[in-house]
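Next come the chains, spelled out residue by residue.
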Amino acid sequence: MKKDIITKETIQAITYDIATYILNLDIKKDFEFVDKELQTIEKREADIVALCNIDNKEQILHVEIQNNNDYSMPYRMLRYYVDIKAKYSDIPINQYMLYIGKQKLYMKDTLRDAHLAFKYNIIDMHTIDCEKLLKLDTPDALVLSILCDFKGKKEIDVLLYITQRLQELTQDDEHSLSKYMLILETLSQNRDLEKTLKEVEVMLRKINYEKLPSYEIGLEKGISEGISQGISQGISQGISQGISQGIIQSAVTMVKEFHIEPKAVAQKLNISLDELLKHL
């Protein structure tokens, strides 16, 4: 998993969702992360290593997210296993590698020779249809579906649907929406979908700008200032001019303060784009 600065809450949510919806583990939410920096000959950092309660037993959950075929993966997983076991010798370890790459999976899940037999679990996300998680229609399942196979669906269409449903399901809870969008953005990096997700976010801002508080604030602020200016002039012509100026002012406010596209603002307020650009 690409390591950006994300909160512990976000990592915990991702871990719980992967365990629940993809690995089908009966896991409790109150788990703690252990030191991910594992050192023997080289310095390595695992994606997720957590001390969990799985099936009502204390266990270690180790998850790696891989987006390309790495033929050394069995050796890497073995080294992780040895390092974790050295620290938690009496606790069972559950190891999973989630493969989300575009190429066919070629990595092996075993290492065998005369004196060694090692095995870990590989989950090929190509075998999991994103539709399965989309149909659950919960915010947690929706964000996790970005890791699954889109089965020929256009990436931008799937991301647009996920983002719209997140907005609808979280409704007015801005904190929850921000949390799930952060998880979505974090996971999108593993599928190289950051740019597509940004396009979707821009599209939704254009589509929904009328519903945003910024739209109403800008409109009310501009018209209110314009009416006040007109009233202060004391004549009906002044009031009329003031209202017109207020509409222009509201347009300027929406563009400058809330970063709404000038063309969209001009069309909605039925004003000349050239006039708006002149004031900008």
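For the structure given in this document, a descriptive report is provided here.

So, how was this worked out
- Residues numbered from 1 in each chain as written.
- Predicted model: local features only at pLDDT ≥ 70, side-chain atom pairs only at ≥ 80, totals over all residues.
- Heavy atoms only, no water.
- Helix = DSSP H or I, 4+ residues; strand = E, 2+ residues; numbered from the N terminus.
- Buried < 20%, exposed > 50% of the residue type's maximum accessible area, 1.4 Å probe, protein only.
- Contact = heavy atoms within 4.5 Å.
- Areas by Shrake-Rupley, 256 points an atom, 1.4 Å probe, with all protein chains shown as cover.
- Axes fitted to C-alpha atoms, helices over the stretch in contact; angles between N-to-C directions.
- Parallel < 35°, antiparallel > 145°, perpendicular 65-115°, else oblique.
- Left-handed = near helix turned anticlockwise from the far one by under 90°.
- Nonpolar A, V, L, I, M, F, W, Y, C, P; charged D, E, K, R; others polar.
- Pairing = 2+ DSSP bridges.
- Expected span 1.5 Å × (residues − 1).
- Salt bridge = Lys/Arg side-chain N within 4 Å of Asp/Glu carboxyl O.
- Phe/Tyr/Trp six-rings, centres within 6.5 Å; stacked < 30°, edge-to-face > 60°.
- Lys NZ or Arg CZ within 6 Å of the ring centre and 35° of its normal.

## Structural notes on the overall build of the protein chain
Piece 1. Along the backbone of the protein chain there are 11 helices and nine strands.
Piece 2. Taking all 280 residues of the protein chain together, 45% fall into the buried category.
Piece 3. For the protein chain, long-range pairs separated by at least 24 residues make up 58% of all intrachain contacts whose partners lie at least 6 apart in sequence.
Piece 4. Taken as a whole, the protein chain presents about 15500 Å² of accessible surface, with 50% of it coming from carbon and sulfur.

## A few points about the packing of helix H5 (residues 155-170) against helix H6 (residues 174-188)
Piece 1. Orientation of H5 relative to H6, taken along the N-to-C sense of each, is 155°, at an axis distance of 9 Å. With respect to their mutual orientation, H5 and H6 come out roughly antiparallel. As for the relative orientation of H5 and H6, their crossing is right-handed in sense. Only Ser176, Leu177, Tyr180, Met181 and Leu184 of H6 make contact with H5, whose side of the interface consists of Ile162, Thr163, Leu166, Gln167 and Thr170.
Piece 2. Looking at the contact of H5 with H6 residue by residue, the class counts come to six nonpolar, four polar and no charged.

## Some thoughts on the pairing of strand S8 (residues 116-119)
Piece 1. As defined by bridge partners, strand S7 (residues 110-113) adjoins S8 across four bridges and the pair is classed as antiparallel. Its bridge partner lying in S8, arginine 112 is registered against alanine 117.
Piece 2. Linkage of S7 to S8, two consecutive antiparallel strands, is achieved through a turn of two residues.

## Concerning the sheet that holds strand S1 (residues 32-33)
Piece 1. Reading across the sheet, the five strands line up as S1-S4-S5-S6-S9 and stay open at both edges, with mixed pairing between neighbours. Edge positions in the sheet fall to S1 and strand S9 (121-124), since each of these pairs with one other strand and no more.
Piece 2. Relative to strand S6 (residues 93-99), strand S5 (residues 57-66) is paired through seven bridges, and the arrangement is parallel. If you follow glutamine 66 over to S6, its bridge partner there is tyrosine 99.

## So, H5
The α-helix winds at 3.6 residues per turn, so residues separated by three or four positions along the chain end up facing the same way.
Piece 1. Compared with the 22 Å implied by 1.5 Å per residue over 16 residues, the 23 Å span of H5 between its first and last C-alpha is a close match.
Piece 2. For H5, the complete set of buried residues consists of Val158, Leu159, Leu160, Ile162, Thr163, Arg165, Leu166 and Thr170.
Piece 3. One or two steps after H5, the chain reaches glutamine 171, where phi turns positive at roughly 50°.

## Comments concerning the pattern of salt bridges
Working definition: two side chains of opposite charge can pair if their charged atoms are close together.
Piece 1. One pass over the structure, following the stated rule, counts seven salt bridges.
Piece 2. Its salt-bridge partner being arginine 76, residue glutamate 64 comes within 3.8 Å of it at the nearest N-O pair. With glutamate 64 in strand S5 and arginine 76 in helix H2 (residues 73-87), the pair connects residues that are 12 residues apart, well separated along the chain.
Piece 3. Residue classification places glutamate 64 among the buried positions, given a relative accessible area of 2%.
Piece 4. The class for arginine 76 is buried, based on a relative accessible area of 17%.
Piece 5. For the salt bridge of lysine 278 with glutamate 275, the shortest nitrogen-to-oxygen distance reads 3.4 Å. With lysine 278 and glutamate 275 both in helix H11 (residues 273-279), this residue pair falls three residues apart, about one helical turn.

## Digging into the packing of aromatic side chains
Piece 1. Inspection of every chain in the model, using the stated rule, returns three aromatic pairs.
Piece 2. With a centroid separation of 5.8 Å and an interplanar angle of 65°, the aromatic rings of tyrosine 81 and phenylalanine 118 are classed as edge-to-face. One end of the pair, tyrosine 81, is in helix H2; the other, phenylalanine 118, is in strand S8, with 37 residues separating them in the sequence.
Piece 3. Here tyrosine 81 falls in the partly exposed class, since its relative accessible area comes to 27%.
Piece 4. The buried category is assigned to phenylalanine 118, whose relative accessible area is 8%.
Piece 5. Within the aromatic cluster, the residues linked to one another by ring pairs are Tyr81, Phe118 and Tyr120.
Piece 6. Here the guanidinium or amino end of lysine 179 rests over the ring plane of tyrosine 180, the centre of that ring lying 4.6 Å away.
Piece 7. Note that arginine 191 overlies the ring of phenylalanine 150, its terminal NZ or CZ placed 4.7 Å from the centroid.

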